[in-house]
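# Structural characterization, general
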Amino acid sequence: MRVTKSLALASAGLLLATSLAMAQSTEIRVGAPLEPPALDPTAGAAEAIDVVVYQNVFEGLTRIDQNGAVQSGLASEWTISEDGLTYDFKLHDGVTFHDGTSFDAEDVKFTFDRILAENSVNAQKALYEAIESVTVVDPLTVEIKLSRPDGLFLFNIGRGDAVIVAPESAENNATQPIGTGPFAFVQWDRGSRVILEQYGPYWGEKPALTKATYVFISDMATMTNALLAGDVDGTYNFSAEALPVFENNPQFKVLVGTTEGETILSTNNAKEPFNKLEVRQAMAHAINRQEIIDGATYGYGVPIGSHFAPHNPYYIDLTNTYPFDLDKAKELLAQAGYPDGFSATLKLPPVNYATVSGQIIASDFAKIGIKLELINMEWAQWLEDVFANKDFDLTIISHVEPFDIGIYANPDYYFGYNNPEFQALNETLNATTDEAKRKELAQEMQTIIAKDAVNGYLFELAQTGVWNAKLDGMWQNAPVEGVVLRDVHWVE
Amino acid sequence: MRTAWMRHPGLMLGLAASFAFALLGLLSLVWTPYPIGDISIARRFAVPSPDHWLGTDQLGRDMLSLIMSGTLTSFTVGATAIIIGAGIGVPLGLAAAIYGGPVEWLVLRFSDLAFAFPSIIIAILIATLMGPGAANAVIAIGIFNIPVFAQVARGGALTISTLDYVAAARLAGLSRPAIALRHLLPNIASLIIVQATIQLSVGILAEAGFSYIGLGTQPPETSLGLMLRDAQNLFLIHPWLSIAPGLAIAVIVIALNIAGDGLRDILDPRLRRQEVGRVAG
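Our subject in this report is the structure included herewith. Everything numeric in this text was worked out from a predicted model, so none of it was measured. (Residues numbered from 1 in each chain as written. Chains lettered and ligands numbered in written order. Predicted model: local features only at pLDDT ≥ 70, side-chain atom pairs only at ≥ 80, totals over all residues. Heavy atoms only, no water.)

This paragraph deals with helix H3 (residues 63-99) of chain B. Since the α-helix packs 3.6 residues into each turn, any two residues three or four apart lie on the same face. Residue and element names in this part refer to chain B. The end-to-end C-alpha distance of H3, which contains 37 residues, comes to 53 Å, matching closely the 54 Å that a straight helix rising 1.5 Å per residue would cover. With 26 of its 37 residues buried, H3 lies for the most part within the structure. Gly100 occupies a position one or two residues after H3 and carries a positive phi of about 60°. (Helix = DSSP H or I, 4+ residues; strand = E, 2+ residues; numbered from the N terminus. Expected span 1.5 Å × (residues − 1). Buried < 20%, exposed > 50% of the residue type's maximum accessible area, 1.4 Å probe, protein only.)

Time to look at the sheet that holds strand E7 (residues 141-146) of chain A. All names here are of chain A. Strand order in the open sheet made by the 4 strands is E4-E5-E7-E6, with antiparallel pairing throughout. The open sheet has two edge strands, strand E4 (75-80) and strand E6 (131-138), and neither has a second partner. Taken over all neighbouring pairs, the strand axes of this sheet differ in orientation by 20° on average, direction set aside. Bridge count for E6 against E7 is 6 bridges, and the pairing is antiparallel. Bridging from a neighbouring strand, Val136 pairs with Val142 of E7. Against the sheet, helix H3 (residues 105-116) engages strand E5 (86-91), E6 and E7, with an angle of about 165° to E6. (Pairing = 2+ DSSP bridges. Axes fitted to C-alpha atoms, helices over the stretch in contact; angles between N-to-C directions. Contact = heavy atoms within 4.5 Å.)

A word on unusual backbone geometry. Peptide bonds are trans in most cases, and residues, glycine excluded, mostly fall at negative phi. Of note, the bond from Glu272 of chain A into Pro273 of chain A is cis; its omega dihedral lies within 30 degrees of zero at -10°. Residue placement: Pro273 of chain A occurs in the loop between strand E12 (252-267) and helix H7 (277-285). Of note, the amide linkage connecting Pro219 of chain B to Pro220 of chain B takes the cis form, showing an omega dihedral of 5°. Position of Pro220 of chain B among the secondary structure elements: in the loop between helix H8 (176-212) and helix H9 (224-232). Despite not being glycine, Gln55 of chain A has its phi angle at roughly 65°, a positive value.

Another point: the interface of chain A and chain B. Opposite the 20 residues of chain A that make contact, chain B presents 18 residues. When chain A packs against chain B, close to 1,600 Å² is buried across both sides, 59% of that on carbon and sulfur atoms. Ranking the residues of chain A by area buried against chain B places Tyr298, Gln359 and Asn376 of chain A at the top, with a combined share of 31%. Counting the contacts that link chain A with chain B gives 0 salt bridges. Mapped onto the side of chain A that touches chain B, the elements with two or more residues apiece are helix H5 (220-229), helix H6 (244-247), helix H8 (289-297), helix H10 (352-366) and strand E15 (371-376) of chain A. (Buried area = accessible area lost by both parts, 1.4 Å probe. Salt bridge = Lys/Arg side-chain N within 4 Å of Asp/Glu carboxyl O.)

What follows is about the packing of H8 of chain A against H10 of chain A. Residues and elements named next belong to chain A. One can describe the packing of H8 onto H10 by two numbers: an axis separation of 9 Å at closest approach and a directional angle of 140°. Remark: the crossing between H8 and H10 carries right-handed chirality. Along its contact with H8, which presents Glu291, Ile292, Gly295 and Ala296, the element H10 presents Tyr353, Val356, Ser357, Ile360 and Ile361. (Left-handed = near helix turned anticlockwise from the far one by under 90°.)

Let's shift gears to the packing of aromatic side chains. Enumeration according to the criterion identifies 27 aromatic pairs over all chains in this entry. Here Phe246 of chain A and Phe252 of chain A contribute two aromatic rings whose centre-to-centre distance is 4.9 Å and whose plane-to-plane angle is 75°, an arrangement assigned as edge-to-face. A residue is classified by how much of its surface remains accessible, and Phe246 of chain A, at 0% relative accessible area, is buried. Plain terms: the ring middles of Phe308 of chain A and Phe403 of chain A are 5.4 Å apart, the flat faces sit at 75° to each other, and that makes the pair edge-to-face. Separated by 95 residues along the polypeptide, Phe308 of chain A in the loop between strand E13 (302-303) and helix H9 (326-335) and Phe403 of chain A in the loop between strand E16 (394-399) and helix H12 (420-430) bring together distant segments of the chain. Considered together, Phe308 of chain A and Phe403 of chain A belong to a single accessibility category, that of buried residues. Clustering of aromatic rings is evident, with ring pairs tying together Trp379, Trp382, Phe387, Phe392, Tyr408, Tyr413, Tyr414, Phe415, Tyr417 and Phe422 of chain A. Between Arg190 of chain A and the ring centre of Trp188 of chain A, over which it is positioned, the NZ or CZ distance is 3.8 Å. Across from the ring centre of Tyr298 of chain A, 4.5 Å away, lies the NZ or CZ of Arg44 of chain B, which sits over that ring. (Phe/Tyr/Trp six-rings, centres within 6.5 Å; stacked < 30°, edge-to-face > 60°. Lys NZ or Arg CZ within 6 Å of the ring centre and 35° of its normal.)

Attention now goes to the side chain of Asp364 of chain A. Residues and elements named next belong to chain A. With respect to the helices and strands, the residue Asp364 is situated in helix H10. The class of Asp364 is buried, set by a relative accessible area of 3%. In contact with Asp364, other than residues within four places in its own chain, are Ala286, Asn288, Phe324 and Leu326.

The next subject is the pairing of E7 of chain A. Residues and elements named next belong to chain A. With respect to burial, E7 is a largely interior element, 5 of its 6 residues being buried. Of the pairings in the sheet, the one linking E5 to E7 comprises 5 bridges and is antiparallel in character. Within E7, the residue paired with Asp88 across the bridge is Glu143. Count of turn residues in the E6/E7 antiparallel hairpin: 2 residues.

This is how it looks when you write it as structure tokens:
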């Protein structure tokens with residue numbers, strides 16, 4: 001009797017458990033460390049915006065997949081003219097915005113005109129400046145003309161910054177985002193969470209999830225507890241130092257992927273003594289890359305020798321250009337006229353990778369006589385002092401834009417590198433569409449800045465996600481900013 | 001006197017522990033087992049061993065060296081804040097006691113105002129204006145200390161100013177500031193010393209708090225609160241990194257409080273266990 005009773009209890013428990021699992025099986029709660037300041041990805045630079053809305057609420061003409069390849073989005077197909085200047089996009093039929101209005105070529109024109117407008121607040125306006133005109137051919141065809149060929153054009157229009165918005169709703173997208181994506185915005189409880197729900201009339205393949213909640217937890221210890229307690233089902237980028245908590249736990253899976261974040265010791269090339277090549281070479285020789293990667297990223301970072309992502313097909317390995325060699329570094333410093341070294345400041349933004357890398361670099365630089373004073377700053381102050389006013393000697397920062405080697409061709413950029421040869425190469429690269437030729441040019445550019453030791457090249461940031469072991473379909477890599485829920489689903 | 005000291009074993013213990021930590025901190029000025037900037041990732045997370053008595057932290061730095069240096073930071077911040085607090089607060093309190101009237105009213109309202117603002121808000125304000133750093137923690141805690149000392153000085157002075165010898169001094173023609181300086185201040189000195197001991201522990205706790213939330217000491221300097229902050233994300237994996245500085249803070253604060261209590265008993269039996277130190281934050 002007792003046996004049957006406990007059996008009955010057990011099966012009742014099992015039933016309860018399965019029904020609970022069933023009830024949970026189409027919903028997800030994603031932990032995010034930062035709350036977005038607004039929800040319009042075309043009007044703000046914050047990564048936190050794209051994390052919530054990119055490809056979930058909003059879609060572009062193209063979309064980027066988790067390996068960084070361009071896929072078709074709202075445009076079903078396109079043709080490119082011989083000279084690489086004219087793009088004809090065929091749009092999907094039957095697409096509606098979440099407020100019920102229909103999507104057509106006019107919305108595309110509106111979107112790009114808005115990005116390029118005089119008073120545009122788009123964070124990446126420069127990426128789209130090659131666009132000369134956007135013409136509505138018919139409601140489902142749009143023609144975009146460029147002033148110069150742009151090898152990255154299809155990638156750039158797939159970014160969160162160029163998602164298609166409607167003239168009826170664009171004004172309010174910051175608080176009430178209305179796009180064409182598989183998920184519609186439901187509510188935003190400031191300081192706590194954003195709720196999205198599956199959009200019934202979505203034009204494409206329906207996602208497995210019916211509801212997604214982004215829970216904002218800025219404190220890592222709280223996030224750890226939320227994950228362990230099951231209050232959130234996962235987070236896309238968890239602090240590497242606490243990953244061992246989850247690594248051997250069968251209830252979780254840890255996804256380690258690549259990002260576009262080249263972390264560098266940015267050097268003010270326009271300032272004494274950093275304008276001397278030998279000084280920069282000496283510093284490059286004094287950077288113990290592996291130690292920094294182990295210390296700041298717990299081994300998850302990937303070493304880089306130039307300003308280029310290792311997973312990119314154009315990448316060449318330049319990590320051995322200036323191997324760690326303190327004697328060589330001292331020699332070079334002496335050649336440059338600083339046999340006893342010098343003092344400099346290292347301004348650090350408030351991110352863990354920077355504060356830790358900074359301490360390790362300061363410790364190694366001290367051994368060749370370069371005395372670094374570490375100055376910790378808030379983001380706003382860092383952006384103003386370092387990025388805008390170029391008032392710095394050295395800093396550590398991750399450049400997270402994809403394919404951004406072109407910043408070295410801008411002599412007014414904050415690290416002040418002015419090399420006409422490099423600038424000419426960059427122009428040629430921008431105007432080249434032939435893959436083999438582009439690769440060759442990109443590799444030559446990587447080599448030049450590595451040899452010039454423009455900045456100290458440290459590592460490519462990794463993305464380390466922690467998810468419930470029963471979840472599948474999350475992006476492992478982060479070629480663009482975003483937590484795309486399209487393919488995420490529960491498996492038993 | 002000797003018997004009085006003997007009757008307070010807690011006082012002896014508290015003073016001994018406080019001095020031991022203070023000496024440990026001072027020692028770090030001239031010697032630590034390892035230089036605190038000596039980073040070596042290869043030897044990080046070492047467990048306590050003969051080489052590293054308290055193990056090593058997430059950057060491979062020697063924990064004992066860090067705690068010694070952190071203790072110095074804590075004591076320096078706490079003590080400087082007391083100098084600010086007592087330096088401004090005691091004269092204010094004395095002025096309130098001897099002048100009374102509008103002066104007293106002003107001092108009391110100022111105290112109320114300062115108490116109404118938790119010191120953490122003052123610290124955030126200062127950090128926003130001047131950027132985070134140990135100096136700002138000193139200023140914030142110092143400002144918090146001012147009304148504490150003002151009230152103690154005023155209270156003590158009021159009690160004493162009713163005594164006959166103060167009246168005699170006044171009849172002898174001494175000016176009010178002279179009375180305050182010659183007769184009141186020496187007599188409330190013991191009260192102030194007791195309060196200073198307690199405020200030192202409050203200051204050390206507050207400094208740890210500020211550093212923990214990122215407004216106080218900044219790396220590569222170190223403090224006990226900063227060590228806690230660094231260890232926080234690692235707590236589940238390497239709990240020792242949090243426990244060591246946490247214990248150090250707890251022991252210092254308890255020792256100072258016991259010492260302060262005992263000192264009160266000995267120096268001013270009339271006020272025995274009446275006033276308890278206020279807590280910052």
